[in-house]
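Spelled out, the chains give:
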Amino acid sequence: MTTGKPSLVRDLLHVHDHSGFLEERYYTVSFNPIVLESGRIGGCFCLSDDTTDRVIGERRLRMLRDLAARSMEAKEIDEVCRIAAETIGENPYDLPFALFYVPGEDHKRARLVAHVGLNPGQPSSPIETELIETDASTAWPIARAFQTNSVQEIDDVEQKIGPLPGGFWEDSPHSGLVLPISLVGEQTSVALVVAGINPHKQLDAAYREFLDSACKLIAATFMRVQADQSLAIRKIVDLIPVMISVMKPDSSVLWANQAILDYTGFSIEQAREPDMAKRGFHPDDVEQLREERRRGMLGCKSFSVEQRIRRKDGQYRWIFAQFNPLMDERGQVIRWYVTGIDIDDRIRSEERTRNENLILREQIERDSMYEDIVGSSVPLRKVLSQISKVAPLDSTVLILGETGTGKELVARAIHKRSNRASRAFIAVNCAAITPSLIGSELFGHEKGAFTGATQRRLGRFEAANGGTIFLDEIGDVPPEIQVALLRVLQQREIERIGSGKPIPIDVRIVAATHRDLDTLVSEGRFREDLLYRLNVVPILIPSLRDRGTDIPLLVEYFIARFGSKAGKKFRTIDKTTLKLLQTYDWPGNIRELQNVVERAVILNDSDCFTVDETWFKRKQPQASSQTATLNGVLVNQEKEMIEAALAESRGRVYGPEGAAAKLGLPARSLDSKIARLGIDKYRFKSQKY
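Note that this is a predicted model, so its numbers are computed, not measured.

Before going further, it helps to examine the overall build of the chain. The helix and strand inventory of the chain stands at 23 helices and 24 strands. Counting over 689 residues, the chain shows a buried share of 43%. Contacts in the chain between residues far apart in sequence, at least 24 positions, make up 59% of those at least 6 positions apart.

Next up, the structure:
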């Protein structure tokens, strides 16, 4: 007897165990026919093989592979849960009932974002459930899973999970597990509720391994989603032109965006080093900054500080840093998010404005000498012509003239007609500042540079940066300041007292003096090289006695100005008074005329302007006549010698055949003397001898 070819049949059987719980089993049945010698089939015998473990294992493996492949495109955790539910729903043998809960930020509520096994008509939008939580022992299983990050067994899903819209599908068992799905070192991200577990039988090891694999796969997908989100956020943050960093509560740096790295020139590793503050912040600010940050980080509220950070080019610039806390569910700060904005230009502008305002207030408090230049005499028109020519340039100007002639007014006129008119005009009376303080006034000082220097101060040169500085009475500057001024003129940079760091400046210098600088040079009280630098364009202001035709205009101008302040109006000017004013020699020049007119306006009671003649009687020193006579003789002799030399050289001052060489004087010194003595050197050019 021989057997025919066997046939195989695989079938699924549902059997009930002794507790009546439905159990799934797979068998492979082999049907083997019995063939008689006559060729007829006399019967068959069957062989049955239990292949449940292999079939279920292969099926679970396929489901995990499908889940891994389909979740690759997920962008959010909710989307991962929905994909997992769809994958499970296509083969519901292993997870006939599953709920995916995502906790709220406060862990007091949970959202049902995906499910398997609920009624088909159940809405797909997330459903919020309030969690009952007191402590880990009495809390609902979902809340307990969130708190302890451990698996929770459920003997009655409907009672322990809470009301579920739509209920369960018919004949579903009500026992199950709550499986926490969490990331490494973090709180539970999702609670997976699995129902359909036989409560009367110990959980199968293979099934438990399958559930554990499914949870790990979903957790890995969560990590990938969060990593993608974090990377995308970091890329976005790196594109923001604002410095952003993340710090621990102990002020150590965890992360810094590209804006910080580009600004400081640090790598991310250098930014995280403990001594970064010493290398990155201004040495004067380190201790104070640490204390401010320490006090701020002790609280739980946002705070801000202003600090100087070292830029990659070596410059320290002011940064406004805003600190914002990130707190956990217990109200403890776990991170500080810090944003920084460069405010150095604003700080410097504010300092410059404060200095300018301080100086302007000082100038406004004392009434300015003039509001405009008044007059039309030939000497004045010559000065105005020089102003119009030199004003548009950045050349250094030296204004010469007697006291009270209006040198500052000319300096202001140069500034107003220059390209710097919109910037500051800073006037400094060098003779009015104590020699020990003039360096600090002009160039500023650092904190602690000398006794009383409690804070850093900008000098007048920095306050005038971009504009014009007027150095009145330059002849009274001490020798050590002359050296510093020479450096300013040569290199266009200054140094604050107490600092060895040069500061570049862009300022136009206009100087003035009533002294004879050539005499000071010959006496060794003024540097000759500084005189050469200052005397690029000299402007000689004529005295008031040389501008006799301007006196009536000036008198009318001052009468109108002071009469308006005093509430008086004058219809006429007394002729005797006008003649007296024109014949007086005005040793105090326009300043003296201004004072005389102001006094007369105050004391006059009529509408006719008069001046008391006794105001002009000046007492002469008894022993001064001989001195004055001697001075006059010397001046006349000096003038005659210069004119003779000019006549011989036909008006030439420079060169080997010039008047300066013949007199043995520096050419610039001779030019200054010619201007001071009122000699017209051009009239000698046409003379022939």
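Within the largest apolar cluster, 33 residues are counted, with the highest numbers of intra-cluster contacts made by Phe-461, Ile-469, Leu-471, Ile-474 and Leu-485. For this core, the leading source of residues is helix H15 (residues 479–491), giving 5 residues. One finds Cys-81, Val-194, Cys-215 and Ile-218 within the second-largest nonpolar core, a separate group that totals 32 residues.

Looking now at the sheet that holds strand E21 (residues 508–513). Taking strand neighbours across the sheet as the criterion, the 5 strands line up as E17-E18-E21-E16-E22 in an open arrangement whose pairing is parallel. Either end of the sheet is taken by a strand with one partner, and the two such strands are strand E17 (425–429) and strand E22 (537–540). Going across the sheet, the axis of each strand differs from the next one's by a mean of 20°, ignoring polarity. Looking at chain direction, E17 and strand E18 (residues 468–472) are connected through 5 bridges and run parallel. Bridge pairing in E18 places Phe-425 opposite Thr-468.

With that out of the way, let us pick up unusual backbone geometry. For Trp-586, which is not a glycine, the phi torsion comes out positive at approximately 50°. With respect to the helices and strands, the residue Trp-586 is situated in the loop between helix H19 (575–583) and helix H20 (589–603). Its identity as a non-glycine residue notwithstanding, Asn-589 has a phi of 60°, on the positive side. Looking at the secondary structure, you find Asn-589 in helix H20.

When you line up the elements, Asp-275 lands in the loop between helix H7 (268–272) and helix H8 (276–280). Note on Asp-275: relative accessible area 35%, which makes it partly exposed.

Moving on to the pattern of salt bridges. Two side chains that carry opposite charge are able to pair once their charged atoms sit near each other. Within the structure shown, the criterion is met by 29 salt bridges. Between Glu-291 and Arg-295 there is a salt bridge, and its shortest N-O distance comes to 3.4 Å. Highlighted residues: Glu-291 and Arg-295, both in helix H9 (residues 286–298), separated by 4 residues, approximately one helical turn. Glu-638 is the partner of Lys-673 in a salt bridge, and the nearest nitrogen-oxygen pair spans 3.2 Å. Of this pair, Lys-673 sits in helix H23 (residues 667–677) while Glu-638 sits in helix H21 (residues 624–648), placing them 35 residues apart in sequence. Using a relative accessible area of 14% as the deciding quantity, one classes Lys-673 as buried. Overall, the relative accessible area of 23% leaves Glu-638 in the partly exposed class. Residues participating in the shared-partner salt-bridge network are Arg-317, Asp-342, Asp-344, Asp-345 and Arg-348.

Quick look at the sheet that holds strand E12 (residues 253–256) now. An order of E12-E11-E15-E14-E13 is seen for the 5 strands of this open sheet, with the pairing classed as antiparallel. Unpaired on one side and paired on the other, E12 and strand E13 (303–310) mark the two borders of the sheet. Taken pair by pair, the neighbouring strands of this sheet meet at an average axis angle of 30°, ignoring direction. The pairing of strand E14 (residues 316–327) with strand E15 (residues 333–342) spans 9 bridges and is classified as antiparallel. Of the residues in E15, the one forming a bridge with Met-327 is Val-333. Of the strands in this sheet, strand E11 (243–247), E13, E14 and E15 touch H9, which is tilted by about 150° from E13.

Residues Leu-326, Ile-334 and Tyr-337 make up a contiguous nonpolar surface patch of roughly 220 Å² in combined accessible area. Tracing the backbone through its elements, the reader meets Leu-326 in strand E14. In this structure Leu-326 comes out as partly exposed when scored by relative accessible area, which is 31%.

Another point: the side chain of Thr-577. The residue Thr-577 is located in helix H19 in this model. Of the polar contacts made by the side chain of Thr-577, one reaches the backbone nitrogen of Val-611; its length is 3.2 Å. In this structure Thr-577 touches Phe-609, Thr-610 and Val-611, once residues within four positions along its chain are discounted.

A separate point is the packing of helix H11 (residues 378–390) against helix H12 (residues 407–416). As a packed pair, H11 and H12 sit with axes 9 Å apart at the nearest point and diverge in direction by 35°. Seen along the crossing, H11 lies across H12 with a hand that is right-handed. Contacts between H11 and H12 involve Val-383, Ile-387 and Val-390 from the former and Val-410, Ala-413 and Ile-414 from the latter. Among the residues making up the contact of H11 with H12, the classes are represented as 6 nonpolar, no polar and no charged.

What follows concerns the packing of helix H1 (residues 52–70) against helix H2 (residues 77–89). Contact geometry for H1 and H2: axes closest at 10 Å, N-to-C directions at 150°. Viewed along their axes, H1 and H2 adopt a mutual orientation that is roughly antiparallel. In terms of crossing hand, the pair formed by H1 and H2 is right-handed. Of H2, the residues touching H1 (which contributes Met-63, Asp-66, Leu-67 and Arg-70) are Ile-83, Ala-84, Glu-86, Thr-87 and Ile-88. Counted by class, the contact of H1 with H2 contains 5 nonpolar, 1 polar and 3 charged residues.

Turning next to the environment of Tyr-337. Take Tyr-337: it is sitting in strand E15. Along the primary structure Tyr-337 and Trp-255 are separated by 82 residues, whereas in three dimensions their C-alpha atoms are 9.7 Å apart. Setting aside its immediate chain neighbours within four residues, Tyr-337 contacts Ser-245, Val-246, Gln-322, Phe-323, Asn-324 and Leu-326.

Among the 7 residues in strand E9 (residues 176–182), 6 count as buried, and that is most of the element. Note: strand E8 (residues 152–154) against E9, 3 bridges, orientation antiparallel. What sits directly across from Ile-154, in E9, is Gly-176.

Below, the discussion takes up H11. Spanning 13 residues, H11 covers 19 Å between terminal C-alpha atoms, matching the ideal 18 Å at 1.5 Å per step. Looking at the packing, one finds that the buried side of H11 touches strand E16 (397–400), H12, E21 and E22.

Turning to the confidence of the model for the chain, a few remarks are in order. Summarising the model, the chain shows a mean pLDDT of 78, and 78% of its residues fall at 70 or more. Taken together, the stretch residues 14–21 has pLDDT below 50 and engages in 18 contacts with residues farther than four places along the chain or on a different chain.

Time to look at the packing of aromatic side chains. Taken as a whole and assessed by the stated rule, the structure comprises 10 aromatic pairs. Centre to centre, the rings of Phe-303 and Trp-336 are 5.4 Å apart; their planes meet at 70°, and the pair counts as edge-to-face. With Phe-303 in strand E13 and Trp-336 in strand E15, this residue pair connects regions lying 33 residues apart in the sequence. Across the pair, Trp-336 and Phe-303 agree in class, each one buried.

So, how was this worked out
Here the residue index of a chain counts from 1 through its sequence in written order. Local features in a predicted model are, by the rule used here, given only for residues with pLDDT of at least 70; side-chain atom pairs are given and counted only at 80 or more, and totals for whole chains, interfaces and linings are based on all residues. Working from all heavy atoms in the structure, the side-chain values ignore hydrogens and water. For the purposes of this entry, the term helix denotes a DSSP run of H or I that reaches at least four residues, the term strand denotes a run of E that reaches at least two, and both are numbered from the N terminus. When accessible area is computed with a 1.4 Å probe and restricted to protein chains, residues below 20% of their type maximum are described as buried, those above 50% as exposed, and intermediate ones as partly exposed. The contact criterion used is simple: two residues touch if any of their non-hydrogen atoms lie within 4.5 Å. Buried Ala, Val, Leu, Ile, Met, Phe, Trp, Tyr and Cys residues form a nonpolar core when they are joined through side-chain atoms within 4.5 Å. Paired strands, in this sense, are two strands between which DSSP finds at least two bridges. Only the stretch in contact is used when fitting a helix axis, every axis being a line fitted to C-alpha atoms; angles between N-to-C directions are given from 0 to 180 degrees. Take a side-chain nitrogen of Lys or Arg and a carboxyl oxygen of Asp or Glu: if they are within 4 Å of each other, that pair is a salt bridge. Each patch groups residues whose relative accessible area exceeds 30% and which form no salt bridge, using 9 Å between like charges and 5 Å between nonpolar side chains of Val, Leu, Ile, Met, Phe, Trp and Tyr. Throughout, the Shrake-Rupley method with a 1.4 Å probe supplies accessible areas, and for residues the shown protein chains are the sole cover considered. Under the rule applied, a polar contact is a pair of N or O atoms within 3.5 Å (in protein, one hydrogen donor and one hydrogen acceptor; residues adjacent in sequence only if both atoms are side-chain atoms). Put simply, a crossing is left-handed when the front helix is turned counterclockwise from the back one by less than a right angle, and right-handed when it is turned clockwise. Side-chain classes are defined by residue name, with Ala, Val, Leu, Ile, Met, Phe, Trp, Tyr, Cys and Pro counting as nonpolar, Asp, Glu, Lys and Arg as charged, and the others, Gly among them, as polar. Roughly parallel means an angle under 35 degrees; roughly antiparallel, over 145; roughly perpendicular, 65 to 115; everything else is oblique. A helix is expected to reach a length of 1.5 Å times the quantity of its residues less one. How sure the predictor is of each residue is captured by pLDDT, a score from 0 to 100. Ring pairs are drawn from Phe, Tyr and Trp, using the six-membered ring of Trp, whenever the two centres fall within 6.5 Å, and their geometry is named by plane angle: stacked under 30 degrees, edge-to-face over 60, tilted for the rest.

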